Amino acid sequence: MDRFFGLTERGTNPRREMLAGLATFLTMAYIVVVNPGIMAAAGIDQGAAFVATCLAAAIGSALMGLLANYPVALAPGMGLNAYFAFAVVGAMGVPWQVALGAVFLSGVIFFAVSIAGFREWLINSIPISLKLGIAAGIGFFLGLIGLRGMGLVVDNPATLVSLGSLKDTATLLSCIGFVLTAGLVARGVTGGIVIGILVTALLGLPFGLTQFNGIFSMPPSLAPTFLQMDLAGAIGLGLLGIVFTFFIVDLLDNAGTLIATTHRAGLMRKDGSVPRLGRALMADSGGAMIGAVLGTSTTVSYIESAAGVQAGGRTGLTALTVAVLFLLTLFLAPLATSIPGFATAPALVLVACLMAQSLRDIEWEDTTEYLPAIVTALAMPFTFSIATGIGLGFIAYALVKVVAGRASSVGGAVWVIAAASAVKFWLQS
């Protein structure tokens, strides 16, 4: 074990790695409750979605630990799952089987670019301001969904949206849950999001809003979602824009997480490059494909892995520990399916707030950098589409740079994405 993971070389030991894995698991365990609920909104069987979430997280984390030897865990990504359920399936009317096919195809493309030099060109060509804008925009998109789930944001024919009824019991409990969860996270309580979700669900018991189904049982059947992806439908419907959105967000999300965690763990080289990046991205893309086969949205690297790094995790043994814990979680299906939507919605809003922190790193002194980033971030929730937000952001970046007389600073990838987005918008109008 020491030789395979290089424990001594990185100044760690099995006990420290396993404790780090536990810390990471507790900070991201909310996904086994939140993701099945979001998948259910797309028409996917919630029990099968729970099993798919646990297995995708376990397999993806194991791949990262064994292939790249990084203390980084994987699971279905927040934001991409909302895009899958509410934008692709809900707003566009795409069957969830076809949407899973699009997720699988995006994973195939991700894998292809991960074994070629194209991935470095693409990542390096996209300006940091747009990467930060995309991260914040996905957070805002997630926040809108969470606020709607809490009952704080409702439809309004005159103003599009307005404040919901604060007299509604579920809404009040959601607000209490948000404050409680935020306080726990602010105090640095490990597993604060999970605790907040569970306490909020318990508060609903006296009002009949929470139905307790038990704690332990054998895992539900995976049959309703296993191998149900429709590749022919994804190709036949011409879902290139959707596939591209899954791909580009997956790529940027994983690249950002890997850069952040390897830097914090002291694994980044002096020149700023990430060692074994190819293996890490292959683990990510493999996780995305496996997740689609199992029946869930795109699997990504989790920034919550920083909790494990902070606890001393330095090798893939940390990720492998997370994988084992997700496998054990399979037997907690009754508890996970007992959690109502009003209890998980505050967690979505909290995660949205955490993701919005990326805006602080934007170069606010340069209009040509911050303006396209903000366009990207604002367009996602207001158009209810991550893809549209990305497209408008890249178009704005290219055009603002041209008008400002700085066209030479626009990378090739930006021109390609901006042109493709402009054509797509034209054809859809």
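Residues numbered from 1 in each chain as written. Predicted model: local features only at pLDDT ≥ 70, side-chain atom pairs only at ≥ 80, totals over all residues. Heavy atoms only, no water.

For the protein chain, the name recorded in an unreviewed UniProt entry is NCS2 family permease, with Teichococcus vastitatis as its organism. As its UniProt record puts it under Subcellular location (unreviewed entry), the protein chain is described as follows: "Cell membrane". Quoted verbatim from the Sequence similarities (unreviewed entry) field of UniProt, the annotation for the protein chain is "Belongs to the nucleobase:cation symporter-2 (NCS2) (TC 2.A.40) family. Azg-like subfamily." (UniProt positions renumbered as here; feature names shortened; annotations may be inferred.)

Draft legend 1. Spotlight on the confidence of the model for the protein chain. With 90% of its residues at a pLDDT of 70 or more, the protein chain shows a mean pLDDT of 82. Averaged pLDDT values for the elements of the protein chain fall to 65 in helix α7 (residues 118-125) and rise to 92 in helix α9 (residues 169-186). (pLDDT = per-residue confidence, 0-100. Helix = DSSP H or I, 4+ residues; strand = E, 2+ residues; numbered from the N terminus.)

Draft legend 2. The packing of helix α8 (residues 128-150) against helix α19 (residues 386-403), seen in detail. Running from amino to carboxyl end, α8 crosses α19 at an angle of 150 degrees, the nearest separation of the two axes being 10 Å. Comparing the axis directions of α8 and α19 gives the class roughly antiparallel. The handedness of the crossing between α8 and α19 is right-handed. Where α8 approaches α19, its residues S129, L130, I134, I138 and F141 are matched on the opposing element by I386, I390, G393, F394 and Y397. Split by residue class, the contact of α8 with α19 holds eight nonpolar, two polar and no charged. (Axes fitted to C-alpha atoms, helices over the stretch in contact; angles between N-to-C directions. Parallel < 35°, antiparallel > 145°, perpendicular 65-115°, else oblique. Left-handed = near helix turned anticlockwise from the far one by under 90°. Contact = heavy atoms within 4.5 Å. Nonpolar A, V, L, I, M, F, W, Y, C, P; charged D, E, K, R; others polar.)

Draft legend 3. Examining unusual backbone geometry more closely. With a phi angle near 55 degrees, N69 is a residue other than glycine that sits in the positive phi range. Tracing the backbone through its elements, the reader meets N69 in the loop between α4 (46-68) and β1 (74-76). For N69, a relative accessible area of 12% corresponds to the buried category. The phi angle at L227 is positive, at roughly 60 degrees, despite the residue not being glycine. Within the secondary structure, L227 is located in the loop between α10 (192-203) and α11 (231-236). In this structure L227 comes out as exposed when scored by relative accessible area, which is 51%. (Buried < 20%, exposed > 50% of the residue type's maximum accessible area, 1.4 Å probe, protein only.)

Draft legend 4. Local environment of the pattern of salt bridges. Summed over the entire model, instances satisfying the criterion amount to two salt bridges. Of the charged contacts in the structure, one is a salt bridge between R406 and D366, with a shortest N-O distance of 2.8 Å. Placement of the pair is R406 in the loop between α19 and α20 (412-428) and D366 in the loop between α17 (341-355) and α18 (367-383), with a sequence separation of 40 residues. The shortest N-O distance in the salt bridge between K401 and E369 comes to 2.8 Å. Placement of K401 in helix α19 and of E369 in helix α18 is noted, with a sequence separation of 32 residues between them. Residue classification places K401 among the buried residues on the basis of a relative accessible area of 1%. E369 sits in the buried class, given a relative accessible area of 11%. (Salt bridge = Lys/Arg side-chain N within 4 Å of Asp/Glu carboxyl O.)

Draft legend 5. Region of the structure containing the pairing of strand β2 (residues 153-156). Two elements, β2 and strand β3 (residues 160-163), share four bridges in a ladder whose sense is antiparallel. Pairing of N156 across the sheet is with L160, part of β3. Hairpin remark: β2 followed by β3, antiparallel, with three residues in the connecting loop. (Pairing = 2+ DSSP bridges.)

Draft legend 6. Just a nonpolar patch on the surface, in detail. A surface patch of nonpolar side chains, about 770 Å² in accessible area, is lined by L202, L205, F212, I215, F216, M218 and F331. Within the secondary structure, M218 sits in the loop between α10 and α11. (Patch = residues over 30% accessible without salt bridge, like charges linked within 9 Å, V, L, I, M, F, W, Y side chains within 5 Å. Areas by Shrake-Rupley, 256 points an atom, 1.4 Å probe, with all protein chains shown as cover.)

Draft legend 7. Molecular detail of the side chain of T171. Tracing the backbone through its elements, the reader meets T171 in helix α9. For T171, a relative accessible area of 3% corresponds to the buried category.

Draft legend 8. Broad picture of the environment of L26. With respect to the secondary-structure elements, L26 resides in helix α2 (residues 14-28). Spatially, the C-alpha atom of L26 lies 9.6 Å from that of G308, the residues being 282 residues apart in sequence.

Draft legend 9. Examining the packing of helix α3 (residues 31-41) against α4 more closely. Between α3 and α4, the least distance of the axes is 8 Å, while the angle of their chain directions is 135 degrees. It follows that α3 is oblique to α4 by the angle criterion. Like other packed secondary-structure pairs, α3 and α4 cross with a definite hand, here right-handed. Within the contact between the two elements, α3 uses I31, V32, N35, P36, G37, M39 and A40 and α4 uses Q46, A49, F50, T53 and C54. Each residue belonging to the contact of α3 with α4 can be placed in one class, and the counts come to eight nonpolar, four polar and no charged.

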